[in-house]
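Fold and geometry: a report
If you want the building blocks of each chain, they are given just below.
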There are 2 protein chains.
Amino acid sequence: MLPTIVIPPFSINLRTILQNKIDQKTKPLGSLGRLEALALQIGLCLNSSSPQLNKPCIIVFAGDHGIAEAGVSAYPQTVTAQMVTNFLAGGAAISVFARQHQLELIIVDAGVKADLVSHPQLITAKIAKGTANYLNQPAMTLKQCLEAIKTGASIVEHRIAQGCNTIGFGEMGIGNSSSATLLMHVLTTIPLSECIGRGTGLNDEQLHHKLTQLHKALKLHDKSLTPIDALACFGGFEIAMMVGAYMKAAEQRMLILVDGFIASAALLVASQLHQQVLDYCIFSHVSSERGHQALLAYFKSNALLNLDLRLGEGSGIALAYPLVQSAVAFLNEMATFAEAGVDDH
Amino acid sequence: MLPTIVIPPFSINLRTILQNKIDQKTKPLGSLGRLEALALQIGLCLNSSSPQLNKPCIIVFAGDHGIAEAGVSAYPQTVTAQMVTNFLAGGAAISVFARQHQLELIIVDAGVKADLVSHPQLITAKIAKGTANYLNQPAMTLKQCLEAIKTGASIVEHRIAQGCNTIGFGEMGIGNSSSATLLMHVLTTIPLSECIGRGTGLNDEQLHHKLTQLHKALKLHDKSLTPIDALACFGGFEIAMMVGAYMKAAEQRMLILVDGFIASAALLVASQLHQQVLDYCIFSHVSSERGHQALLAYFKSNALLNLDLRLGEGSGIALAYPLVQSAVAFLNEMATFAEAGVDDH
């Protein structure tokens, strides 16, 4: 069983205070567009009219997938572990972008199919060396699934203890766009063909093969799955840890930055367990992975960036982070009409 | 007469080198989307396979407009000078965002209708205290127009002498969206109703009034204007200086960041004088000001951000700047498949 959590609602009073503060800044009313809505949301999440982003952090959960043996990815499974090494060595995209914005970068071995060398930025929390292939059996047991969720939550708790109030979750796992596709389809009932995409870069033939495999997987399992059962059946350990991480972060009033398709599929599971998780989420970018746009529409949300990214790793979060900082900066630092002696109309 | 300028073409050889470099980075091919095209363009502009952004700078040109007396803006003309003071005091949106990203901020008095107190960040280059009202006569004389263009160019030359290779141009001027609208209409032949917008926030009635005034202005002047004549007739001193600034920056192979509607209208004039100016331009954002989307389509360009901004001041440039830095960072800092020992497919 998962522990009961309560996600705090936003303060109505604070909403009014924030909106007034935004409207008195020296700019035409509403002229900072989406940044104004962002500033409002950040204030409400962090429950402050002068919010501060403290010790911002990206946690990248990595795990391997049994389905990879069915040839659903353009890359071999060995790449998951190799990329973790690359993250830690500072050479991956997320390493570069996190460094650029002084975002702390933590990598979690949620279930990589290799023994990884210890590193100060690596948290070893391996549930197993990769999931089972859901073409044969559920990807994980219910016990493993719950353990992964709890581990994700406890990793977030540890960041909070360090003073972090702004967090984003990235992922790495060869084959995990297949998991995300199945979770999206099962939990939203959007047709599989609208959830599936090219992942790391499948050609038409490979995409057709992926679709065939996923249809086969769906036939093997019960269709009326609860969110937790769907997660155990089709998920990955990195996805299950993200589910727990989202819920804990929202419970603790953190500002949550959401990355691409796989991160959003994990959020889908979390939001079906606790709808209010979404209040605390900022969607950093809309991916060029096909299902992501439909998933954002399902969430009734817009992303900050649309740059045709399809990388994962939390890269979209790091790229959008300066806009989050800009929203906080204008809210806290811009002069009002009265302070600046500028005529209002 | 304007001095002859030659805008250097891009190196074909360097294009191949840059594309190969991008494709060897540890990420699925093309998965950094628009950032990859951006990295390529930056390398070509700065003529380097390892480009560096040096002493990035935003220059905000400010000027007043005779047309303001016709009530085409939601704000009184006094606001131009007041906002310049606000820029210099650090309280405006562009002050906050430039500070956030360590962008040097320079304000140019191109023709503000007030005497401004001197300040280390202020360049006094006043052509006149505001333009004439083009409902009566051309906004400026041809001599004033050419003087403004040359001044804009020389201000950019001075930045280059300081070591700057990355530059963006913002503007402030009550009434200047009317100038931009007329320039866009005259130089693109797109219908006036598709070029006009609400500026700082006109209501329906005020927008109708603005449209009526601009139609009246068009009737008073010759329809077959050259770009320079159109600029003199309908422009502002801040717009004319931007025209010269764009051309000089492209001639000197600078990376040019383009802001919103008014900045793009100035670029339209420059690009009709020298089409290749556009090669050196990155469009930072698409404004919610109506004409801007159509103008970007006319340029066959896409902007990096779409955040419903409609502020000017160079604010969109400052907000998009971290993405430009990210493109450079991944190009220079990411590991290749070979370096990281990651299996390519």
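The preceding data block contains the structure.
Given the structure is predicted, the values throughout are model-derived calculations rather than measurements. (Residues numbered from 1 in each chain as written. Chains lettered and ligands numbered in written order. Predicted model: local features only at pLDDT ≥ 70, side-chain atom pairs only at ≥ 80, totals over all residues. Heavy atoms only, no water.)

Observations concerning the interface of chain B and chain A
- On the chain A side, the residues contacting the 51 residues of chain B number 51 residues.
- Across the chain B to chain A interface the summed buried area is about 4,200 Å²; carbon plus sulfur atoms make up 61%.
- Across the contact surface, chain B and chain A share 2 salt bridges.
- Residue Arg99(B) pairs with Glu333(A) through a salt bridge whose shortest N-O separation is 2.8 Å.
- Applying the counting rule to chain B against chain A returns 20 residue pairs in polar contact (both at pLDDT 80 or more). (Contact = heavy atoms within 4.5 Å. Buried area = accessible area lost by both parts, 1.4 Å probe. Salt bridge = Lys/Arg side-chain N within 4 Å of Asp/Glu carboxyl O. Polar contact = N/O pair within 3.5 Å; in protein donor to acceptor, adjacent residues only side chain to side chain.)

Quick notes on the side chain of Thr151(B)
- Within the secondary structure, Thr151(B) is located in helix 5 (residues 142-161).
- Once residues lying within four places of it in the same chain are set aside, the contact partners of Thr151(B) are Ala125(B), Ile127(B) and Met241(B). (Helix = DSSP H or I, 4+ residues; strand = E, 2+ residues; numbered from the N terminus.)

Examining the relation of the copies chain B and chain A
- Of the transformation superimposing chain B on chain A, the axial component is 0.0 Å and the angular component is 180 degrees, with the fit at an RMSD of 0.0 Å. In the structure described here, the two chain copies are related by an operation that fits a two-fold rotation axis.
- The residues that chain B uses at the interface reappear at the interface of chain A in 100% of cases, marking a shared surface. (Least-squares fit on C-alpha atoms with pLDDT ≥ 70 in both.)

Structural notes on helix 4 (residues 93-100) of chain A
- Counting buried positions along helix 4 of chain A gives 7 out of 8 residues, so the element sits mostly inside the fold.
- Just downstream of helix 4 of chain A lies Gln102(A), where phi reads positive at about 50 degrees. (Buried < 20%, exposed > 50% of the residue type's maximum accessible area, 1.4 Å probe, protein only.)

So, the packing of helix 10 (residues 237-251) of chain B against helix 11 (residues 261-273) of chain B
Residues and elements named next belong to chain B.
- Two elements in contact, helix 10 and helix 11, have axes whose closest approach is 8 Å; the angle formed by their N-to-C orientations is 55 degrees. By the angle between their directions, the pair helix 10 and helix 11 is classed as oblique. You can see that helix 10 and helix 11 cross each other, and the crossing is right-handed. Together, Ile239, Met242, Val243, Tyr246 and Met247 of helix 10 and Ile262, Ala263, Ser264, Ala266, Leu267, Val269, Ala270 and Leu273 of helix 11 make up the contact between the two elements.
- Taken together, the residues of the contact of helix 10 with helix 11 break down into 12 nonpolar, 1 polar and no charged. (Axes fitted to C-alpha atoms, helices over the stretch in contact; angles between N-to-C directions. Parallel < 35°, antiparallel > 145°, perpendicular 65-115°, else oblique. Left-handed = near helix turned anticlockwise from the far one by under 90°. Nonpolar A, V, L, I, M, F, W, Y, C, P; charged D, E, K, R; others polar.)

A look at the sheet that holds strand 6 (residues 281-283) of chain B
Residues and elements named next belong to chain B.
- On the basis of which strands lie adjacent, the open sheet formed by 6 strands has the order 3-2-1-4-5-6 and parallel pairing. Strands with a single pairing partner mark the edges of an open sheet, and in this sheet they are strand 3 (122-124) and strand 6. On average, each strand axis in the sheet is tilted by 25 degrees relative to the strand beside it, whichever way the strands run.
- Sheet topology places strand 2 (residues 104-111) next to strand 3; 3 bridges connect them, and they run parallel. When the bridges of strand 3 are listed, aspartate 109 appears paired with threonine 124. (Pairing = 2+ DSSP bridges.)

Limitation: the analysis is restricted to geometry and does not speak to function.
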